[in-house]
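Listed here are the chains, written in short residue letters.
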Amino acid sequence: MSIAIAPIKQDLDLTSINTIRTLSMDGVQAANSGHPGTPMAMAPVAYTLWQDFLRFDPQDPVWPNRDRFVLSAGHASMLLYSLLHLTGVRAVNKDYETLGEVSVPLDAIKSFRQLDSRCPGHPEYRWTSGVETTTGPLGQGVSTSVGMAIGRQWLAARYNKPGFEDLFDFNVYALCGDGCMMEGISGEAASLAGHLKLSNLCWIYDNNHISIEGNTALAFTEDVATRFIGYGWNVTRVGDANDLEILARAFRTFLNTKDRPTLIIVDSHIGYGAPHKQDTSGAHGEPLGEDEIRLAKRNYGWPEDKKFYVPEGVYDHFREGIGKRGKELRDAWFARIADYRKQYPELAEELFRMQHRQLPEHWDHDLPEFPTDPKGMGTRESSAKVLNAVAKNIPWLIGGAADLAPSTKTRLTFEGAGDFSADNYAGRNFHFGIREHSMGAILNGMSLVKVRPFGSGFFIFVDYMRGSLRLSALMELPVIYVFTHDSIGVGEDGPTHQPIEHLAHMRSMPGVIMIRPSDANEVREAWKVILQLHHEPAVLVLSRQATPTIDRTKYAPALGLARGAYIVADAPSGNPEVILIGTGTEVALCLEAYEQLIKEGVQARVVSMPSWKLFEHQDADYREKVLPSKVKARVSVEMASDFGWCKYTGSEGHNVCIESFGASAPLKQLMKKFGFSTETVVAAAKSQIAKYGSTK
């Protein structure tokens, strides 16, 4: 059924809105792939926000106090690309130096979704300047926006001083749709945002009742407004997405709300103007088709056969609106920061280092050294000591746990650390609640405003946050994830809490630096490595159970951790017959087996391999030195799946591992059941030597 729509009478506002619509339609059609319907519907909303309210300088898209716009409905990427093009946003490199070229030239829109285009299928942070965060997986964008809003509140609490009360006062806007509302992660994030009274946060909900399968009534009939009122949000509604006056009033309502976040529900028509596809799922996930585009353009009062058409005056209109306003705000802010540096030089220096992801001088001062201790401690315990030491030296190192800080030992306990809350935005300890997935996305948002966040939980619950962690890696954000209870060592909690395949999964994720240290001193070195990362998220995997603190006067120093793998104990001859490779608490077991083998005259070597990724970053000569190819007899020891270990032990190597889920029992019983004993490792070593022959 076609919908009769009267052609729109043009003025400069509507011409600009229709330019966004038609660029979006043409880009999707040229790619023969994409989502035209939401850009067509929400162009007036995005236009009103950007042209009249958003504090953003297209000439400097990384100005620290800019408002953030997050397109959580990432499938509508052409909406954002059209805005970036029309406003003339400049490209910025990874070192945050503004370049001369336009971030999204018209040719990039013409090559939408094609190889190396600045307009990929979904918005990608770092790839396209002006994109504040990578979006696409629904719910991630809105959840990340909560982290951005939290980051601003923390920055303001620490750095806004008398005479500079507005140094950090940016707002965060996120445009989302029905899909974002359905995803559970958005509920987690919205609940926390309401609890924290984040008045600088505005979500704009495109209420068009359409998803890929059809009308949302198929699966989604809840009262969203009541839900968000229950979360503690201010909720306002715009009954027609094309009503610019009411849209402006809604944004002013947000700006005047000082005690809670705001949800603006906008009723819209997906594929607005397309006579046969408006209000249908056909406008959601596929091109409209040339005939339908011509009819839609006719309804817009647009030249039907012109493609990628930008009428005269549109560029100037944006330049005189968001361009002029944004530059004035940006220039005024930098003038203020120059005065701020004179009055608060130490804080200004912190801000400079933070914004450039640099560490303070003497950041590693007074890190604990751990003496030899056969009993030792859980690596979560030693991590707590190191974390508290470095956090004193790095004021913007902030974070917390998904309700597990007493177990993950990630609470900052030094004087003045405090708890982040609606009553104290200066606190450095965060309580994310039992919300692992949104915690990961919120950490991403915090990192995007340049604080250095960490979050923690049990390793098994990485299952609940893999989507967010994956985006940390995709965006190259140095988020720190601290996971404890790393193996069957959690004992009586049983297989639901005992990670088996998780080490293998984290190792397989591109861009993630995972470290599983063997003892307290490796933990110290792990934190030193992690804090110097600029573009990689770190996953620190720690034990609950105690592990011996290795005698570093007898064995190699823990400094070797920085290279991913190193020789802890070598064959007396320097020419090993067999190599034992361990990670985490199992390195101690390898050393016990090593001592027995040496007593029996076997030339054994022990390699601690806390990080495969770091080891793979080393040159070939170093890797050959640690794991000489001539030594085929190899044994890996890890209380987890052996998936991937053949890379280091060979197809005929022996992997002391776990090939099933765990069990509920005390640790000693589990170690016996699953074969993690000195005798097992020694027997495996001898079997390998027998298979390959001695290298003596």
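Described below are features of the structure shown in this document. (Residues numbered from 1 in each chain as written. Predicted model: local features only at pLDDT ≥ 70, side-chain atom pairs only at ≥ 80, totals over all residues. Heavy atoms only, no water.)

**A few points about empty space enclosed by the protein**
Right, on to step 1. Tallied over the full model, the rule gives 2 cavities of 30 Å³ or more.
Right, on to step 2. The computed volume of the largest cavity comes to approximately 50 Å³.
Right, on to step 3. Put simply, the parts of the chain that give the lining of the largest cavity at least two residues each are helix H17 (502–508) and helix H20 (612–616).
Right, on to step 4. Classifying every residue of the lining of the largest cavity gives 6 nonpolar, 1 polar and 2 charged.
Right, on to step 5. There is about 30 Å³ of room inside the second largest cavity.
Right, on to step 6. If you trace the second largest cavity, you find it lined by Ala41, Asp240, Ala241, Asn242, Asp267, Ser268, His269 and Tyr272.
Right, on to step 7. When grouped by side-chain class, the residues that make up the lining of the second largest cavity number 3 nonpolar, 3 polar and 2 charged. (1 Å grid on protein atoms, 1.4 Å probe; cavity = no way out; pocket = protein on both sides within 12 Å on 5 of 7 lines; lining within 4 Å. Points joined across faces, edges and corners; volume = space filled by probe spheres on them. Helix = DSSP H or I, 4+ residues; strand = E, 2+ residues; numbered from the N terminus. Nonpolar A, V, L, I, M, F, W, Y, C, P; charged D, E, K, R; others polar.)

**Focus: the sheet that holds strand S12 (residues 429–431)**
Right, on to step 1. The parallel open sheet is built from 6 strands, whose spatial order is S12-S11-S13-S14-S16-S15. Only two strands of the sheet have a single neighbouring strand rather than two, namely S12 and strand S15 (513–515). Between one strand and the next, the sheet's axes are offset by a mean angle of 20°, whatever the strand orientation.
Right, on to step 2. Inspection of the sheet shows strand S14 (residues 480–484) paired to strand S16 (residues 538–541) by 4 bridges, in the parallel sense. Residue pairing across strands places Tyr481 opposite Val539, the latter belonging to S16. (Pairing = 2+ DSSP bridges. Axes fitted to C-alpha atoms, helices over the stretch in contact; angles between N-to-C directions.)

**Things to note about helix H7 (residues 184–196)**
Right, on to step 1. End to end, H7 covers 19 Å across 13 residues, agreeing with the expected 18 Å (1.5 Å per residue, within 8%).
Right, on to step 2. Along H7, the residues classified as buried are Ile185, Ser186, Gly187, Ala189, Ala190, Leu192, Ala193, Gly194 and Leu196.
Right, on to step 3. Directly after H7, the chain includes Lys197, whose backbone phi takes a positive value near 55°. (Expected span 1.5 Å × (residues − 1). Buried < 20%, exposed > 50% of the residue type's maximum accessible area, 1.4 Å probe, protein only.)

**A short note on the packing of aromatic side chains**
Right, on to step 1. This model, assessed by the stated rule, comprises 31 aromatic pairs.
Right, on to step 2. For the pair Phe53 and Phe251, a centre-to-centre distance of 5.4 Å together with 45° between the ring planes defines the contact as tilted. Of this pair, Phe53 sits in the loop between helix H2 (37–52) and strand S1 (68–71) while Phe251 is found in helix H9 (residues 244–256), placing the two residues 198 residues apart along the sequence. Considered together, Phe53 and Phe251 belong to a single accessibility category, that of buried residues.
Right, on to step 3. Where Tyr340 meets Tyr344, the ring centres are 5.1 Å apart and the plane angle is 40°; that geometry is what we call tilted.
Right, on to step 4. Taking the relative accessible area as the measure of exposure, Tyr340 reaches 0% and is therefore buried.
Right, on to step 5. Through a chain of ring-to-ring contacts, the aromatic side chains of Trp154, Tyr159, Phe168, Trp333 and Phe334 assemble into a single cluster.
Right, on to step 6. Sitting over the face of the ring of Trp612, Arg507 holds its NZ or CZ atom 4.1 Å from the ring centroid. (Phe/Tyr/Trp six-rings, centres within 6.5 Å; stacked < 30°, edge-to-face > 60°. Lys NZ or Arg CZ within 6 Å of the ring centre and 35° of its normal.)

**Points about the nonpolar core**
Right, on to step 1. Core analysis: the largest hydrophobic core is formed by 109 residues, its most contacted members being Tyr159 and Trp203.
Right, on to step 2. The dominant element in this core, judged by the number of residues it contributes, is helix H5 (residues 140–159), at 9 residues.
Right, on to step 3. The contacts of Tyr159, once residues within four sequence positions are left out, are Trp154, Leu167, Phe168, Tyr340, Leu347, Glu350, Leu351, Met354 and Trp396.
Right, on to step 4. Core analysis: the next-biggest nonpolar cluster, separate from the first, contains 51 residues, Ala43, Met78, Ala241 and Phe308 among them. (Core = buried A, V, L, I, M, F, W, Y, C linked by side-chain atoms within 4.5 Å. Contact = heavy atoms within 4.5 Å.)

**Here's the deal with the sheet that holds strand S8 (residues 234–238)**
Right, on to step 1. A sheet is described by the order of its strands in space; here 5 strands give the open sequence S1-S4-S5-S9-S8, paired in parallel fashion. The sheet is open, and its two edges are formed by S1 and S8, each paired on a single side. Put simply, the sheet's adjacent strands are angled 20° from each other on average, direction ignored.
Right, on to step 2. Alignment of strand S5 (residues 201–207) against strand S9 (residues 262–267), held across 6 bridges, turns out to be parallel. Note on S9: the bridge partner recorded for Asp206 is Val266.

**A short note on the environment of Phe69**
Right, on to step 1. Note on placement: Phe69 falls in strand S1.
Right, on to step 2. Considered as a pair, Phe69 and Gln498 are 429 residues apart in the sequence and their alpha carbons are 40 Å apart.
Right, on to step 3. Setting aside its immediate chain neighbours within four residues, Phe69 contacts Leu49, Trp50, Leu54, Leu80, Glu132, Tyr173 and Leu175.

**Digging into the packing of helix H11 (residues 314–343) against helix H12 (residues 345–355)**
Right, on to step 1. Running from N to C, H11 and H12 point in directions that differ by 130°, and their axes come no closer than 5 Å. When the interaxial angle is binned, H11 and H12 end up oblique. Side by side, H11 and H12 meet where Ile337, Tyr340, Arg341, Lys342 and Gln343 of the first sit next to Pro345, Leu347, Ala348, Glu349, Leu351 and Phe352 of the second.
Right, on to step 2. Counted by class, the contact of H11 with H12 contains 7 nonpolar, 1 polar and 3 charged residues. (Parallel < 35°, antiparallel > 145°, perpendicular 65-115°, else oblique.)

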